[in-house]
Amino acid sequence: MAKVELPLSGAKKAAEVAMSLVDKAYSLGGLADDRRQLLLQKLRSIHENLDRAEGQLISGSFVLNQAHDRMPRVLFRFWNAVDEIDDAIDEIDYHRFEASASNPISKFVERNVISKLGRFAIPKSNLKRLRKAIGRLADVMHESNFDLSRALSAAHNYERYPSWVAAGGGIFGRDREKEEIVRWLTKYEAEGDRLSVYGVVGMAGVGKTSLAYIVRQDPRVLASFHFVVWVPVSVDFSTDAMARLILESISSDSSRPPASSSTYVELSRALRYLKVLLILDDVWEDSNPVKWNTFVAPLQVCKEGSKILLTTRMKSVVDMAATATGASAECMILSDFDEDDRLMLLKSRNNFGRDREKEQIMQWLTKDIAEGDPVSVCAVVGMAGMGKTTLAKIVCHEPRVLANFNAVVWLPVSVDFNTEAMARVMLESITGKRTAYSSMYLLQNSLTDTLRYRKVLLILDDVWEDSNTDKWEALVAPLRVCKKGSRILLTTRMQSVVNMAATATGVAAECLKLDDLDEDDSLMLLKSRLPSQVDSEDYDNLMLIGEQIVKKIGGCPLVTSLVASWLGSHMETHHWNTVLQRGWQHIIEKGIIFESFRLSYYCLHTELQACFRYCSLFPKGYKFNKKELAKMWTGSGLIRFSSSKQENIGLQKTKYVDLSNAEDVGEEYFDALARKSFFCCMLETESSSGDQKEYFVLHDLLHDLAELVSRGECARVDGGDLSNVWEGIRHLSIADCCDLKVTSRYLEEASRNNSLNNEPHTRFQFLRSLIIEFSLGQNTESLDQNTELVLGEFLKGSTCLRLLYLGVSSMFHALDNISSLTHLRYLFLLSCHESHLHKVFKLYHLQVFKLEYFTAKEADCTEIYNLCCLHCLHVPDSISSNIRQIGRLTSLQEVHGFQAVENDGQRLKALGNLRSLYQLSLRNLQNVSNVKEAMEIKLKNKYHMKFLSLSWNRKLKVHQDDRIIDNLEPSKEIRGLHIHGYDGVKLPFWIEKSPLIHLVSLELEYCMKWKSLPSLQELNSLKHLKLENLFQLECIGTVLEQQLEASEADNAFLPPFLSTLIVRWCPNLKQLPAIPCTLERLIIKHVHLAVLPKIQQQYTDQRESTSVKSHLGLMQIESCARLTSLGEGLLEQQEQLHSLTTLVVRHCARLHHLPKGGFTGLHCLKSLEIVSCPILKDVKIGGGLLLTPLKNLELNPCGDIDVSILMSLQNMVTLRRLILFNCSNIEKLPSVEVFGTLGNLNNVSIARCKSLVSLGGLGAVASLRTLSILCCDKLSVSQSEQDCCSFKLQKLRTDHVALLLVEPLKSLRYTRELHICDDYAMESLPEEWLLQNAISLHSIEIGVAKSLRSLPSDIEKLRSLESLQIERAPLIQSLPQLPASLRKLRIRGCDPEFLKCYERDVGSDWGKIAHIASVDIKAYSEGMDYGDDRSQYFVSSTSNPYRHFVVID
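All of these numbers come straight from a predicted model, not from anything done at the bench.

Calculation rules
Residue positions are given per chain, counted from 1 along the sequence in the order it is written. Owing to the predicted nature of the model, reporting of local features is limited to residues with pLDDT of at least 70; listing and counting of side-chain atom pairs is limited to 80 or more, with chain, interface and lining totals taken over all residues. Excluded from the side-chain calculation are hydrogens and water; included are all heavy atoms of the structure. For helices the rule is a DSSP run of H or I covering at least 4 residues; for strands it is a run of E covering at least 2, with both sets numbered from the N terminus onward. The contact criterion used is simple: two residues touch if any of their non-hydrogen atoms lie within 4.5 Å. Under the convention used here, a 1.4 Å probe and the Shrake-Rupley method define accessible areas, while residue burial counts only the protein chains that appear. Fitting a line to C-alpha atoms yields each axis, with helices limited to the stretch in contact; the angle taken between N-to-C directions then spans 0 to 180 degrees. Orientation labels follow simple angle bins: below 35 degrees gives roughly parallel, above 145 gives roughly antiparallel, 65 to 115 gives roughly perpendicular, and whatever is left gives oblique. Left-handed describes a crossing in which the near helix is turned anticlockwise from the far one by less than a right angle; the clockwise case is right-handed. When residues are grouped by polarity, Ala, Val, Leu, Ile, Met, Phe, Trp, Tyr, Cys and Pro land in nonpolar, Asp, Glu, Lys and Arg in charged, and all others, Gly among them, in polar. Paired strands are those between which DSSP finds at least two bridges. Between buried and exposed lies partly exposed: a residue is buried under 20% and exposed over 50% of the maximum accessible area for its type, with that area taken using a 1.4 Å probe on protein chains only. Salt-bridge detection follows one rule: a side-chain nitrogen of Lys or Arg within 4 Å of a carboxyl oxygen of Asp or Glu. Centre distance within 6.5 Å is the pairing criterion for rings of Phe, Tyr and Trp, where only the six-membered ring of Trp is used; planes under 30 degrees apart are then read as stacked, over 60 as edge-to-face, and the remainder as tilted. Criterion for a charge above a ring: Lys NZ or Arg CZ within 6 Å of the ring centre, and within 35 degrees of the ring normal. Exposure above 30% relative accessible area and the lack of any salt bridge qualify a residue for a patch; like charges then connect within 9 Å, and the nonpolar side chains Val, Leu, Ile, Met, Phe, Trp and Tyr within 5 Å. Looking at any residue, its pLDDT shows the predictor's confidence there, from 0 to 100. Any pair of N or O atoms that falls within 3.5 Å is considered a polar contact. Within protein, one atom must be able to donate a hydrogen and the other to accept it, and sequence-neighbouring residues count only if both atoms are side-chain atoms.

Novice: Lay out the overall build of the chain in plain terms, naming residues and giving numbers.
Specialist: Regarding its fold elements, the chain presents 45 helices and 44 strands. Counting contacts in the chain only where the partners sit at least 6 residues apart, residues at least 24 apart contribute 68% of the total. About 59,800 Å² of surface is accessible on the chain, with carbon and sulfur atoms providing 48% of the total.

This is the structure in structure tokens:
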């Protein structure tokens, strides 16, 4: 059996499902009532066992062990048995649907008889299968023991260590205390003192655990004892768990049964004659002497000198331990750091890359609060390992913070949100005295009195509670009497916790999300954890590898620190290359990281766990769409809709989502996972339209976790075959066609083995989902005939499939047996033939049917009405146009591309019957001939509809009746509306005069005759507004143009909470209304603006305009022909643009003026792009045009300001990428003095700068890693200011090989990739330069090289070279001996005679290259396409997928 995960969650869910299935089987006659009761009793017991085991994992007292391989097999057998019952009942339902489709009378029978006599008309074979499946379930439950105690072990020590310990943390200000403890632990004990106690006492956050851990690592301590055992205790003083952990630590046996009386006997035997140090961390038990005596009893047999070192917040715990051991205890009270130690601590915990976040938290903690505000909340949210706790600790030790509060209380919370313990700690931390109160009521009263008139900062670290409002209310209640300005700072992994805290306090919480560190900060963190000698020249090559490692491992600080720790102890090149090539997972124990992540997973509800595991089917970096993934979860059977359970799993129902079906629940599951930080929301810009679209990703570490916890349930084949996939797998994805072809050999063998008995391949008999992806990376996605036949055989045997996603085309035979997949709920086909379409129409359970391409011209859709469960239909026009009676598909919720047909009003009328529609796209509405036809669609009565698209064919000149669009009014529940191509003269009345109060997105396109739009300010829910190709549009709002030009008018306001505004191709629109401060993205293109819009200043709360802070993060202005100045409008209000990070100005031909102060007021600006603004005038500013936060700068060309901006770069330490394109005014790059200050610049691309004669001081940029210089013809003969260069390039791209012979490029070492792009004059490569980079050069790529005659004879010495590619070099006659390391050789456009010499196996010189794994040599032919424009390479060098430069000589 392949290695699988213990499927606790899956089996637990299976037990829940089994209970409902048993009840349903009883109603169908599958079993008697007495047997039903017995099965239900046993299932409840199993569910309780599984739930108990999961609770132990969440509490952290136990972890899964690998000692018992049988338990996963038992749970999967149980799960399989439940699935068989599900399949049997599903088949019964299928035959009912089939009978209904073939005999309309049966529908009446089903509706009126079968519902009352559940077992009526069930085929005997189906009933027999159901009973057999129930019997198999009973056998599995009878034969198997579901007690999971033997599959759990006591938690390992490292799981309780602070994350900084794993990362190599240090300790400051405790040297004296450390030495005192070490001296006590190692001192000689008098005869008879077998066991003594030392307590480290202090309030939370003073470093008790850290000090104990450092002491534990001291060689003197380790040498003084036979064993040193770390025991994490916390509030639950579980003597059984502690005894077992000590026994396992000493005996190295994790397979012991649960602790019992025999455990204490074994422990006593094991400890005899051993000198042991037990470290009890975070002990709270001070009132139960029985527990202490039970724990201490086996320890009394230890050898003299054994010790107990305990950490606690209470001196009473030390006294209790001393009483139990019968020996006097020594005690150390840890106080806070003195000023010097605090400064040293802050300095040592260099929070790389978190300076901005640190400052943001401190500003929030110290700012003044408006009168009357109660205690408020600020949260730091991020997944495990992001540095939340570290950041909070640094902040709470800052002098500015300490001076702002009367008391700072640190509460480590974790999973157990124990309000009584937290209240006790708060009270004792503030008063410095132990409290004797035993009830929560007395504690709260005392705490309330203590907090009164005090300004308090309460830090709640690692909070998980997001479902129990009463607990939060109990915690917050005493804080309401605090002095104004008191704060709660909490760290958590889940946004849902922040929401709960905000609800409890009654004040909106401020939230800071910690994401990955960027590459520069990760590299700094890596270096800080390495030995100091890594900075010497001897290790330059190692650090270049280190930079690549940082890119590969991502930006999680914990992982980076662990990798650095390993690299620091393996300072050899081959070790570092191993990490680079194989990944950190292969060289570092993953338990430290993934046990922390597992806790996030275990704390999810069972349903959410299943949905998370499913995500492992997709590759890392996959862009998830919420709606699509919810459909796949539902189709695969992960979501069984039950409205009664919605509140139990933490779903947040809203007024917009009534959770009326399983897909609604799926979307809420997705939102719940996003709130718990499993999904991260991202934005991408479409290259064609420039629109930004939302998508979600799983962090790579969370993807690794999903793969880990789904082993045995989900598998992804990527570059392999199915032979290594466990036969009990439920969900399978195959990466692309190549993987499928590799897999076909295995399937062929399996098929041949079954062909003797005429049986299909049935290895994966429990498979529920099969995904074969569409791969754009392949030359063809078509299957060869052999592979297709094998796939068909595979599908024939996978009869339990619920979801089938086939992203491969031209399948002639693979779908021949698709009608046998009777359980299918979700079907996606890239292409389909007509013969297969009719078989699809027999899949009566089908809920989602998506088809991209249909090979026939028209389709016969008469049988589609069999699909009575169909929810979503997304098919080509050739199919949808032939569905005459779509109203018969009464379950439809989504219809895409439904076309109105001329003179066919009945087809539109049929839409009126679809009352459950959620999303509808109507096309060719010009064919709606009258108002009656529009009314019969009944859009206004479709209360479930959330998204509506109305489209007219604007190319057909048909008279438009405005009354038609007026009668296409949707319900007020609509959230998304799109109108395209309407040729009427006015907006429908229901947008302006009957506000759609829930409308979130409005897109208006190609409505050619509209001259004005209302202000839309009544649409309070509107977030996204897109106006495109409204060629006659002159104004927005009802005011006159003269008023707009004069002042800001109330009637011209945009929706008050708008976040995205896109206005494109509105050439008559001369001015935009003021934008609301909530706007985050503004895109303006081809609009006739003379000035930019302003930020709206007027608000209903009458706040002063100076207090308005805009949320605008992206502003893109393009092709505005009338725009002459950036000094008016938005950029005149730079003091309010606190969030602007990206500013793009392109193709504004008349733009003369920048803002008066340049861009110096944009303190958060990270990316500035000025393209094709040729008459921009320079602005004389004392401090330059820019401020330091800028990360990306692109100039292309921008008039007179090119040089000024370059001179403004000095001290811009954040700049990472600089692009200069077609900047003809630049003759020389900045000096050494400027470039020497750019400590993070790593990418420079220069192209088409015709006047450039010198690279200036570029060689001073030590951080530079990618350099591209193209089409700068005057540069090749120029001289640099420098004699050498300080940078070490990863990638160098140039079209003049002569540049390699002048500084700063001449001195390069350690270059990894060399690209020479179309150097027509190059006759040979610079051999000396290649040899001085021999140790690192991995890749050489040569573009069109018409004059190249040969390669250097010493190229063999490039011992790291793995790839050599040459394009169009017809003069090369032979190759020298190539390096043994070469893995890829590609030569295109060579001489035919050259090709003959190197023909595989037969060429005279084939032996020279026979050792190369991939050889691709082709002779030149006229049909081969070689462009002569050298700047084509510039596009890829800029790393900007949304920009394309077209250069014409």
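Novice: Can you explain the packing of helix H12 (residues 289-296) against helix H13 (residues 315-325)? Please cite residues and give values.
Specialist: The description of two helices packed together rests on the angle between their axes and the distance between the axes. Axis separation between H12 and H13 bottoms out at 9 Å; the angle between their running directions is 55°. Here H13 runs oblique to H12, going by the angle between their axes. At the point where H12 passes H13, the crossing takes the right-handed sense. Contacts between H12 and H13 involve Pro289, Trp292, Asn293 and Val296 from the former and Val317, Met320, Ala321, Ala324 and Thr325 from the latter. Of the residues contributing to the contact of H12 with H13, the split by class is seven nonpolar, two polar and no charged.

Novice: Let's hear about the sheet that holds strand E7 (residues 329-333): which residues, and what values?
Specialist: Strand order in the open sheet made by the five strands is E4-E5-E6-E3-E7, with parallel pairing throughout. The open sheet has two edge strands, strand E4 (227-234) and E7, and neither has a second partner. Here the strands of the sheet are splayed against their neighbours by 15° on average, with no regard to which way each runs. When strand E3 (residues 195-201) meets strand E6 (residues 306-312), the two strands line up parallel, connected through seven bridges. Its bridge partner lying in E6, Val197 is registered against Ile308.

Novice: Describe the pairing of strand E38 (residues 1266-1270), and please don't skip the residues or the numbers.
Specialist: Most of E38 is tucked away: five of the five residues are buried. Residues of E38 alternate between two faces, with Thr1266, Ser1268 and Leu1270 on one and Leu1267 and Ile1269 on the opposite face, all of them buried. Across five bridges, strand E37 (residues 1243-1247) lies against E38 in parallel orientation. Across the sheet, Ile1246 pairs through a bridge with Ile1269, a residue of E38. Bridge count between E38 and strand E39 (residues 1291-1294): four bridges; the pairing is parallel. Along E39, the bridge assignment pairs Ser1268 with Arg1293.

Novice: Any chance you could break down the pattern of salt bridges for me, citing the residues and the numbers?
Specialist: As enumerated under the stated definition, the model contains 58 salt bridges in all. Of the charged contacts in the structure, one is a salt bridge between Asp93 and Lys24, with a shortest N-O distance of 3.4 Å. Here Lys24 lies in helix H1 (residues 8-27) and Asp93 lies in helix H3 (residues 70-102), a separation of 69 residues in the sequence. A salt bridge links Arg176 to Glu180, with the nearest nitrogen and oxygen atoms 3.7 Å apart.

Novice: A description of unusual backbone geometry should follow, citing residues and the corresponding values.
Specialist: Of the consecutive residues Glu1303 and Pro1304, the connecting peptide bond is found in the cis state with omega at 10°. Structurally, Pro1304 is set in the loop between E39 and strand E40 (1313-1316). Unlike most non-glycine residues, Ser1119 shows phi in positive territory, near 55°. As for its position among the elements, Ser1119 is in the loop between strand E32 (1114-1118) and strand E33 (1142-1146). Classification of Ser1119 as buried rests on a relative accessible area of 15%. Here Arg1248, not a glycine, exhibits a phi torsion of approximately 60°, which is positive.

Novice: I'd love a proper account of the packing of aromatic side chains, names of residues and values included.
Specialist: For the structure shown, the criterion picks out 26 aromatic pairs. Ring plane angle 10° and centroid distance 5.8 Å describe the contact between Phe76 and Trp79, whose orientation is recorded as stacked. Remark: Trp79 and Phe76 occur in helix H3; sequence separation between them is three residues, near one turn of the helix. A residue is classified by how much of its surface remains accessible, and Trp79, at 10% relative accessible area, is buried. The ring of Phe225 has Lys275 sitting right over it, with the charged end atom 5.4 Å from the ring centre.

Novice: Describe the sheet that holds strand E8 (residues 376-381), naming the residues involved and giving the relevant values.
Specialist: Within the open sheet, the five strands sit side by side as E9-E10-E11-E8-E12. Their pairing is parallel. Each edge of the sheet is formed by a strand with only one pairing partner; in this case those strands are strand E9 (407-414) and strand E12 (510-513). Taken pair by pair, the neighbouring strands of this sheet meet at an average axis angle of 15°, ignoring direction. Two strands pair when backbone bridges link them, and E8 and E12 are joined in this way by four bridges, in the parallel orientation. Residue Cys378 lies in a different strand from E12, and its bridge partner there is Glu510. Contacts from helix H15 (residues 355-366) reach E8, strand E10 (456-463), strand E11 (487-492) and E12, with the element oriented near 150° to E11.

Novice: How would you summarise a nonpolar patch on the surface if you had to cite specific residues and measurements?
Specialist: On the surface, Tyr437, Tyr441 and Leu442 cluster together into a nonpolar patch covering about 320 Å² of accessible area. For Tyr437, the location among the structural elements is in the loop between helix H18 (419-431) and helix H19 (440-451).

Novice: Account for the pairing of strand E30 (residues 1060-1066), with residues named and values stated.
Specialist: Within a regular beta strand, the side chains point alternately toward one face of the sheet and then the other, so they alternate between its two faces. Taken across its seven residues, E30 has six buried, putting it largely inside the fold. One ladder, built from five bridges, connects strand E28 (residues 1024-1028) with E30; its direction is parallel. Bridge pairing in E30 places Leu1025 opposite Leu1061. Of the strand pairs in this sheet, E30 and strand E31 (residues 1081-1087) are connected by six bridges, and their pairing is parallel. By the bridge assignment for E31, Leu1061 is matched with Leu1082.

Novice: How would you sum up the side chain of Lys455? Please name residues and give values.
Specialist: If you trace the backbone, Lys455 turns up in the loop between H19 and E10. Non-local contacts of Lys455, meaning those with residues more than four positions away in its chain, are made with Asn404, Phe405, Asn406, Ala407, Lys483, Lys484, Gly485 and Ser486.

Novice: Report on the confidence of the model for the chain, specifying residues and quantitative values.
Specialist: On average, residues of the chain score 81 in pLDDT, and 82% of them are at 70 or above. The lowest-confidence element of the chain is helix H45 (residues 1432-1437), averaging 40 in pLDDT; the highest-confidence one is strand E25 (residues 976-980), averaging 95. A low-confidence stretch, residues 776-781 (pLDDT under 50), is modelled with eight contacts involving residues beyond four sequence positions or located in other chains. Taken together, the stretch residues 1100-1106 has pLDDT below 50 and engages in two contacts with residues farther than four places along the chain or on a different chain.

Novice: Can you tell me about the side chain of Arg613, naming the residues and giving the values?
Specialist: With respect to the element layout, Arg613 can be found in helix H27 (residues 606-614). At a separation of 2.4 Å, a polar atom in the side chain of Arg613 contacts the side chain of Glu713. Arg613 has contacts with Ser9, Gly10, Trp79, Tyr601, Ala706, Val709, Ser710, Glu713 and Cys714, leaving out every residue within four places of it along the chain.

Novice: Provide a residue-level description of the environment of Cys1007, including the pertinent values.
Specialist: If you trace the backbone, Cys1007 turns up in the loop between strand E26 (1001-1005) and strand E27 (1012-1013). Accessibility expressed as a relative area gives 0% for Cys1007, which makes it buried. Sequence spacing of Cys1007 and Phe1031 is 24 residues, and the spatial spacing of their C-alpha atoms is 7.8 Å. Those residues in contact with Cys1007, other than ones at most four positions away along the chain, are Ile979, Gly981, Tyr982, Asn1029 and Leu1030.

Novice: Can you lay out the environment of Lys1357 for me, pointing to particular residues and giving the numbers?
Specialist: Along the chain, Lys1357 falls in the loop between strand E41 (1339-1344) and strand E42 (1363-1367). Lys1357 sits 23 residues away from Ala1380 along the chain, and the two C-alpha atoms are 9.1 Å apart.

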